[in-house]
Amino acid sequence: MDRDRLCELTMRAIGCALDSDSEGATNAMLEIGQAGTWHDVYGACCAFAEVGKAALVKFYGDQTPDVAHGGSWAMQILDPAEADPAEVFATRFIVAYANDDRDNTIALFRAALESSDEEYVSSVAQLLATAASLANSALKHIRARE
């Protein structure tokens, strides 16, 4: 898959997810997964995580941790034993990405990739859904302050 097509599909998936258009997001992600390599899917995951990171930065404003100077993001999963593995993946991936921890994002992605096809697809889809949910929540929070 060429870079322009990957970027187009990734942005379409993000836009559709933000608009709650699950069919559009699914179709874009399916094309990335079927026509692209695992590198392409990882790139799309990083773009999804960038949306989540931007939402966290907007939501927390001046309380945003300074990762460059030792600060770090954290999100608590209330009951990890009962949490859906895809939700755990999505949360951990966004946090690792927001903390500029590329080794961890790669390790998390590799673990998802090496899991069952169903878990892999669910994990990537949940990452997009979580990022879109964070972005939509941040937008509502910002609008409420205005």
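Residues numbered from 1 in each chain as written. Predicted model: local features only at pLDDT ≥ 70, side-chain atom pairs only at ≥ 80, totals over all residues. Heavy atoms only, no water.

Draft legend 1. Geometry of the overall build of the protein chain. Helix and strand counts for the protein chain stand at 6 helices and 0 strands. The order of α-helices and β-strands along the protein chain, N terminus first, is α-α-α-α-α-α. Relative to the compact-globule value of 15 Å for 146 residues, the protein chain shows a C-alpha radius of gyration of 15 Å, a close match. Along the first, second and third principal axes, the C-alpha atoms of the protein chain reach 40 × 30 × 30 Å. In the protein chain, 63% of the contacts between residues at least 6 apart in sequence involve partners at least 24 apart. Separation between the mean location of the 11 positive side-chain charges and that of the 23 negative ones in the protein chain comes to 7 Å. (Helix = DSSP H or I, 4+ residues; strand = E, 2+ residues; numbered from the N terminus. Rg over C-alpha atoms; globule rule 2.2 N^0.38 Å. Contact = heavy atoms within 4.5 Å. Lys, Arg positive; Asp, Glu negative; His and termini not counted. Charge placed at Lys NZ, Arg CZ, Asp CG, Glu CD.)

Draft legend 2. The arrangement of the side chain of T91 in detail. Looking at the secondary structure, you find T91 in helix α4 (residues 85-98). Among residues more than four places away in sequence, those in contact with T91 are M75 and I77.

Draft legend 3. Representation of the packing of helix α2 (residues 22-35) against helix α3 (residues 38-60) within the structure. Interhelical geometry of α2 versus α3 gives an angle of 145° and a closest axis separation of 8 Å. Of α3, the residues touching α2 (which contributes M29, I32 and G33) are D40, V41, A44 and F48. Of the residues assigned to the contact of α2 with α3, the class counts are 5 nonpolar, 1 polar and 1 charged. (Axes fitted to C-alpha atoms, helices over the stretch in contact; angles between N-to-C directions. Nonpolar A, V, L, I, M, F, W, Y, C, P; charged D, E, K, R; others polar.)

Draft legend 4. Inspection of the packing of α3 against α4 at higher detail. α4 packs onto α3 with a crossing angle of 75° between their chain directions and a minimal axis gap of 9 Å. In this view, α3 runs roughly perpendicular relative to α4, as classed from their interaxial angle. Mapping the contact onto sequence places Y42, C45, C46, A49, E50, G52, K53 and L56 in α3 and F93, I94, Y97 and A98 in α4. A per-class count over the contact of α3 with α4 returns 9 nonpolar, 1 polar and 2 charged. (Parallel < 35°, antiparallel > 145°, perpendicular 65-115°, else oblique.)

Draft legend 5. Focus on the pattern of salt bridges. For the coordinates displayed, the defined rule picks out 5 salt bridges. Here R12 ties to E8 by a salt bridge, and the two come within 2.9 Å at their closest N and O atoms. Here the residue R12 and the residue E8 both occupy positions in helix α1 (residues 3-18), the gap between them amounting to 4 residues, near one helical turn. Overall, the relative accessible area of 35% leaves R12 in the partly exposed class. The residue D100 makes a salt bridge to R102 at a minimum N-O spacing of 3.6 Å. On the accessibility criterion, R102 (33% relative accessible area) is partly exposed. Among the ionic contacts, a cluster of salt bridges with common partners joins R5, E8, R12 and E31. (Salt bridge = Lys/Arg side-chain N within 4 Å of Asp/Glu carboxyl O. Buried < 20%, exposed > 50% of the residue type's maximum accessible area, 1.4 Å probe, protein only.)

Draft legend 6. Summary view of a negative patch on the surface. A surface patch of negative charge is lined by D84, E87, E118 and E119. Turning to its location among the elements, E119 is positioned in helix α6 (residues 117-145). (Patch = residues over 30% accessible without salt bridge, like charges linked within 9 Å, V, L, I, M, F, W, Y side chains within 5 Å. Areas by Shrake-Rupley, 256 points an atom, 1.4 Å probe, with all protein chains shown as cover.)

Draft legend 7. Representation of the nonpolar core in the model. One finds F48, F93, L127 and L128 to be the most contacted residues of the largest nonpolar core, which totals 40 residues. Counting residues per element, the ones that place at least two in this core are α1, α2, α3, α4, α5 (102-113) and α6. Top contributing element to this core by residue count: α3, with 10 residues. Ignoring sequence-local partners within four residues, the contact set of L127 consists of C45, F48, F89, A90, F93 and I94. (Core = buried A, V, L, I, M, F, W, Y, C linked by side-chain atoms within 4.5 Å.)

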